[in-house]
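Read off the chains here:
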Amino acid sequence: MRQNYRLFGAWRLLAALLVMAYHFAHHAPDPGPVTTWFEHMLPLLDMFFIMSGFLIFQHYGDMKNTGSNYVRFLIKRLARLYPLHFATLSVFVLFAIAVHAGLLSSASADTRYNLMALPSNLLLLQAWGVNSELTFNYASWSVSGEWFAYLLFPIVLFAFSLRRLMGLALLLVLIVAILEFSDRGATDPYEFWFNTKLWAAYRIAADFVFGALLCAVAARLATPRYCQLFAWAVLGAVFCTMFAGANIYLILALFGVAITLAALADKTDAESTAWLDPLAPVTAVSFGVYMWHPVIELFAYSLFWNRIVAVDDPVLFWLFMPFPALATIVTAVYSARYFERPAGKWMEAALTKAVSERFLDRKTA
């Protein structure tokens with residue numbers, strides 16, 4: 001039975017809601033001050049991927065590092081990610097086709113809706129540095145980066161088998177050193193590795209290894225008293241450092257402490273976090289909220305608010321915002337239940353069968 005990390009779910013939902021509000025706020029009258037305030041919290045995106053590394057290592061860290069296990073691992077992870085990615089991408093592709101056919105107008109026809117970028121999106125390469133713009137569902141850079149981290153998982157297992165904690169720590173240092181070298185001399189904020197989206201796969205690789213390291217560390221720690229309280233307190237300290245403009249390494253280090261404490265609280269005293277159970281249907285789809293919100297934004301803001309309502313009343317704007325937010329959450333819940341899970345099971349079965357038949361044919365030959 002898999003460990004239920006309730007605090008992880010709650011924190012990921014909080015991050016997803018804040019990111020959604022940040023993107024929705026871009027459509028507000030005079031959005032500058034509001035979006036600048038939200039941008040202090042952009043390192044919350046790294047929390048997603050650190051937790052992902054933690055959970056993947058928790059579930060697969062004991063996996064034997066063999067080719068067949070690696071293929072099965074990739075199939076399971078692709079089946080988990082790709083249906084959601086494909087569904088949200090499809091909406092934007094249909095919109096792009098309408099734009100290029102002259103049925104709709106958009107100033108982003110040659111950038112965000114550039115159909116030449118479709119192959120990289122379909123192949124999950126869009127965050128590997130192959131595009132000069134975020135295209136279609138801009139949030140899908142995260143899926144591309146997550147997939148890159150999965151592809152590197154055998155290296156994580158090898159590092160851990162070689163030197164245990166030290167192996168993971170050395171791998172993390174190596175990745176960060178490469179990232180620091182690659183953006184030496186950068187001046188634009190989004191050229192730095194910890195902000196980039198266009199080549200975020202490599203940033204996510206660092207977060208992912210950091211999460212795996214935290215998982216290995218947490219397995220060796222005793223749980224302090226009032227662990228959940230300390231976890232929330234350190235998370236509060238993370239927000240303070242983000243708004244203070246602290247060094248990114250301090251912010252990530254505090255994230256590491258908060259995530260480790262949250263994991264220990266759930267592992268050793270599950271009853272202490274049971275108060276979060278009523279939120280479980282929503283916390284379980286936090287990534288869906290993150291991926292669906294650009295779709296809802298497209299209809300609620302780019303089409304309805306900007307083209308039909310077309311008013312610059314800030315009061316009306318902020319009164320309107322809860323409705324697209326609620327629509328995003330409802331869409332994510334129903335998508336997970338009625339589309340992503342059935343589609344993921346079908347995809348996993350189909351890919352497993354295809355791979356098994358190929359291996360069988362190869363043996364026969």
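Residues numbered from 1 in each chain as written. Predicted model: local features only at pLDDT ≥ 70, side-chain atom pairs only at ≥ 80, totals over all residues. Heavy atoms only, no water.

**Q** Is there a simple way to explain the overall build of the protein chain in this structure?
**A** Within the protein chain, the secondary structure is distributed over 14 helices and 0 strands. Ordering the α and β elements of the protein chain from the N terminus gives α-α-α-α-α-α-α-α-α-α-α-α-α-α. Expected size for 365 residues packed as a compact globule is a radius of gyration near 21 Å; at 21 Å, the protein chain falls within 12% of this value. Dimensions along the principal axes, computed over C-alpha positions, put the protein chain at roughly 60 × 60 × 50 Å. When each of the 365 residues of the protein chain is scored for burial, the buried share is 50%. (Helix = DSSP H or I, 4+ residues; strand = E, 2+ residues; numbered from the N terminus. Rg over C-alpha atoms; globule rule 2.2 N^0.38 Å. Buried < 20%, exposed > 50% of the residue type's maximum accessible area, 1.4 Å probe, protein only.)

**Q** I tried to follow the environment of Tyr-5 on my own but got confused; where do I start?
**A** With respect to the helices and strands, the residue Tyr-5 is situated in the segment before α1 (6-25). Considering only alpha carbons, one finds Tyr-5 and Leu-264, 259 residues apart in sequence, at a separation of 9.3 Å. Ignoring any residue separated from it by four or fewer positions in sequence, one finds Tyr-5 in contact with Phe-54, Leu-55, Gln-58, Ala-263, Asp-266 and Lys-267. (Contact = heavy atoms within 4.5 Å.)

**Q** Explain the pattern of salt bridges to me, please; I cannot follow it from the model alone.
**A** Enumeration over the complete set of coordinates arrives at 3 salt bridges. For the salt bridge of Asp-46 with Arg-203, the shortest nitrogen-to-oxygen distance reads 3.1 Å. Here Asp-46 is found in helix α3 (residues 44-60), whereas its partner Arg-203 is found in helix α8 (residues 200-218), with 157 residues between them in sequence. By relative accessible area, which is 1% here, Asp-46 ends up buried. (Salt bridge = Lys/Arg side-chain N within 4 Å of Asp/Glu carboxyl O.)

**Q** When you look at the packing of aromatic side chains in this model, what are you seeing that I'm missing?
**A** Each aromatic ring pair is summarised here by two numbers: the centre-to-centre distance and the angle between the ring planes. Summed over the entire model, instances satisfying the criterion amount to 33 aromatic pairs. Here the aromatic rings of Tyr-5 and Phe-54 are separated by 5.8 Å at their centres, their planes lie at 80 degrees, and the arrangement is edge-to-face. Residue Tyr-5 is found in the segment before α1, and its partner Phe-54 is found in helix α3; the two are separated by 49 residues along the sequence. Judged on exposure class, the residue Tyr-5 and its partner Phe-54 are both buried. Taking 5.1 Å as the distance between ring centres and 80 degrees as the angle between the ring planes, the aromatic pair formed by Phe-148 and Tyr-202 counts as edge-to-face. Of the two residues, Phe-148 sits in helix α6 (residues 141-151) while Tyr-202 sits in helix α8, which places them 54 residues apart along the sequence. Three or more aromatic residues joined by ring pairs form one cluster here, namely Phe-24, Tyr-301, Phe-304, Trp-305, Phe-317, Trp-318 and Phe-320. The positively charged end of Arg-184 is found above the aromatic ring belonging to Phe-181, 4.0 Å away from the centroid. (Phe/Tyr/Trp six-rings, centres within 6.5 Å; stacked < 30°, edge-to-face > 60°. Lys NZ or Arg CZ within 6 Å of the ring centre and 35° of its normal.)

**Q** Please explain helix α7 (residues 153-182) as it appears in this structure.
**A** Every α-helix winds through 3.6 residues per turn, so residues three or four apart in the chain are directed the same way. Relative to the 44 Å expected for 30 residues at 1.5 Å per residue, α7 spans just 22 Å between its end C-alpha atoms, considerably shorter than the ideal helical length. Largest kink in α7: about 135 degrees, centred on Arg-163. Every buried residue belonging to α7 is among Phe-153, Val-156, Leu-157, Ala-159, Phe-160, Gly-167, Leu-168, Leu-171, Leu-172, Ile-175, Val-176 and Leu-179, and all of these are buried. On its buried face, α7 sits against α3, α4 (67-100), α6, α8 and α10 (248-268). (Expected span 1.5 Å × (residues − 1). Bend = angle between axes of the 7 residues up to and from the residue.)

**Q** When you look at a positive patch on the surface in this model, what are you seeing that I'm missing?
**A** Where like charges cluster on the molecular surface, the positive patch consists of Arg-80, Arg-337, Arg-341 and Lys-345. No other element matches the 3 residues that helix α14 (residues 322-364) contributes to the positive patch. Mapped onto the fold, Lys-345 is located in helix α14. (Patch = residues over 30% accessible without salt bridge, like charges linked within 9 Å, V, L, I, M, F, W, Y side chains within 5 Å. Areas by Shrake-Rupley, 256 points an atom, 1.4 Å probe, with all protein chains shown as cover. Lys, Arg positive; Asp, Glu negative; His and termini not counted. Charge placed at Lys NZ, Arg CZ, Asp CG, Glu CD.)

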